[in-house]
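The residues making up each chain are set out below.
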Amino acid sequence: MSIISNDIEHAIELLTRDELVAIPTETVYGLAGNALSTNAVVKIFQTKNRPSFDPLIVHTSSLAEASKFADVSSARIQKLANALSPGPITFILPKKNNISDLVTSGHDTVGIRIPNHPLTFELLSKLPFPVAAPSANPFGFTSPTTANHVNDQLGEKLSLILDGGPSSVGLESTIVKDTKKGILVLRLGGISIETVEEVLGEKVVSVKTSSSNPTAPGMLSSHYNPGTPVLLGNIEENYKFHKGKRIAAIAFQQLPSLHFTSVEILSPNGNLNEAASNLFKALRNLGKTGADIILAEPVPDKGLGKAINDRLQRASV
Ligand code: TXA
Ligand code: MG
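Since the structure is predicted, the reported quantities are computational estimates derived from the model, not experimental observations.

1. Notes on the overall build of the protein
So, step 1. Counting its regular elements, the protein contains 11 helices and 15 strands.
So, step 2. Referenced to the eigenvectors of the C-alpha coordinate spread, the extents of the protein come out at roughly 60 × 50 × 35 Å.
So, step 3. Counting every position in the protein, which comprises 317 residues, the buried fraction comes to 56%.
So, step 4. Relative to all contacts within the protein whose residues are 6 or more apart in sequence, the contacts with residues 24 or more apart total 66%.
So, step 5. Element-wise, carbon and sulfur atoms account for 49% of the exposed surface of the protein, whose accessible area totals about 13,300 Å².

2. Remarks on the packing of aromatic side chains
So, step 1. Applying the stated criterion across every chain, the model contains 2 aromatic pairs.
So, step 2. When the ring of Tyr224 is compared with that of Phe280, the centres are 5.4 Å apart and the planes differ by 10°; the resulting orientation is stacked. Taken together, the positions of Tyr224 in the loop between β11 (206–207) and β12 (230–232) and Phe280 in helix α10 (residues 272–287) put the pair 56 residues apart, joining distant regions of the chain.
So, step 3. Pairing Tyr239 with Phe260 gives two aromatic rings, centres 5.5 Å apart and planes at 85°, and the pair type is edge-to-face. Placement of the pair is Tyr239 in helix α9 (residues 235–240) and Phe260 in the loop between β13 (247–251) and β14 (262–265), with a sequence separation of 21 residues. Assigned by exposure class, Tyr239 and Phe260 land together as buried.

3. Brief notes about the sheet that holds β13
Hydrogen bonds between backbone groups are what pair the strands of a sheet, and the pairing can be parallel or antiparallel.
So, step 1. One open sheet accounts for 4 strands, arranged β12-β15-β13-β14; its pairing is parallel. Only two strands of the sheet have a single neighbouring strand rather than two, namely β12 and β14. Along the sheet, successive strands turn relative to each other by an average axial angle of 20°, direction set aside.
So, step 2. With 3 bridges connecting them, β12 and strand β15 (residues 293–296) associate as parallel partners. Paired with Val230 across the two strands is Ile294, which belongs to β15.
So, step 3. Sheet contacts for α10: β12, β13, β14 and β15; angle to β13, the most-contacted strand, approximately 175°.

4. Examining the side chain of His117
So, step 1. By the element assignment, His117 lies in the loop between β6 (109–113) and α6 (118–126).
So, step 2. With relative accessibility at 11%, the residue His117 sits in the buried group.
So, step 3. From its side chain, His117 meets the backbone nitrogen of Leu119 in a polar contact 3.2 Å long.
So, step 4. Contacts of His117, omitting those with residues within four sequence positions, involve Pro24, Thr25, Glu26 and Gly164.

5. Points about the packing of helix α4 (residues 75–84) against helix α8 (residues 193–200)
So, step 1. Packing of α4 against α8 leaves a shortest axis separation of 9 Å and a crossing angle of 115°. Both α4 and α8 take part in a crossing whose hand is right-handed. Two secondary-structure elements touch here, α4 through Arg76, Lys79, Leu80, Ala83 and Leu84 and α8 through Thr195, Val196, Val199 and Leu200.
So, step 2. Classifying every residue of the contact of α4 with α8 gives 6 nonpolar, 1 polar and 2 charged.

6. Regarding the pairing of strand β5 (residues 89–94)
So, step 1. Counting buried residues along β5, 5 of its 6 residues qualify, which places the element largely inside the surrounding structure.
So, step 2. The pairing of β5 with strand β9 (residues 174–179) spans 4 bridges and is parallel. For Phe91, the partnering residue across the bridge sits in β9 and is Val176.
So, step 3. Two elements, β5 and β6, share 5 bridges in a ladder whose sense is antiparallel. Residue pairing for β6: Leu93 is matched across the bridge by Val110.

About the thresholds
- Residues numbered from 1 in each chain as written.
- Chains lettered and ligands numbered in written order.
- Predicted model: local features only at pLDDT ≥ 70, side-chain atom pairs only at ≥ 80, totals over all residues.
- Heavy atoms only, no water.
- Helix = DSSP H or I, 4+ residues; strand = E, 2+ residues; numbered from the N terminus.
- Buried < 20%, exposed > 50% of the residue type's maximum accessible area, 1.4 Å probe, protein only.
- Contact = heavy atoms within 4.5 Å.
- Areas by Shrake-Rupley, 256 points an atom, 1.4 Å probe, with all protein chains shown as cover.
- Phe/Tyr/Trp six-rings, centres within 6.5 Å; stacked < 30°, edge-to-face > 60°.
- Pairing = 2+ DSSP bridges.
- Axes fitted to C-alpha atoms, helices over the stretch in contact; angles between N-to-C directions.
- Polar contact = N/O pair within 3.5 Å; in protein donor to acceptor, adjacent residues only side chain to side chain.
- Left-handed = near helix turned anticlockwise from the far one by under 90°.
- Nonpolar A, V, L, I, M, F, W, Y, C, P; charged D, E, K, R; others polar.

What follows is the structure in structure tokens.
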């Protein structure tokens, strides 16, 4: 059983002993361990049941701190970091030797993120090492946005979940990498493409989408499984094909007047930020209702809507 508290000193004590601690961030809760300890990093992969080919993101309290572990000199990365960090963005950077191949799954790059959450900022500032932290869910399942979500799925395996309240953004970080031609977006997330382009003053060169046969880490299509099949498309149309079943539904602003066993509305007023912050909780709730199927519809494909649609897509395959 986990203790759920905001006791930073307890977290420091556990992390220093190579134990794992779930930590709050503005995107989703992370499963944190000492990024410089082989012991701790192995525990992260084991606890999540995560394949060793899927690298971890390293979290620090500042870009200056990050520069001990990665080459942060790229002008585009500096621009993005100055404008958007701390925040929901991860930079894939050339790694330094003190970051092991275990963390990066053998890649010569490391993902670096500076999360924007007061409790975790204080924790990272006090720790003498950076923490590796994937989302605190078993591999393939929906990411947690509250301490209770973590407790539901990993509580048995953890001594401490630091409770920093619900994650305000609710989607994982946007992952970017600099190349000769410009910025690649490897994962859509809590910072929109529009914002990245505005800060850069140029277009990003490519946006990867999920795939069942990924060329880049992190693009596995089968992810965010809420435990019940999700069908993405026009809800009214898809309803016809599932008559007689227990049908749950998740919609952006409103649902057609049909009979559903349970429903989730992401943002009655049509606010994509609000919809993002409610998405994972909504999927989890519906996954627990015993419905046979969850019907979902895409949200408008702009701003954070692109990342929401990416997650719905991946939850549905
Ligand atoms: O918002 C977030 O990023 C959260 C919070 C806890 O910070 N973390 C998170 O971690 O989402 P995780 O492990 O669930 O997803 C990290 C993704 C993975 O898909 C991984 O493949 C990709 O980042 N990644 C990590 N290092 C990489 C690298 N060197 N090159 C390419 N992709 C990388
Ligand atoms: Mg994850």
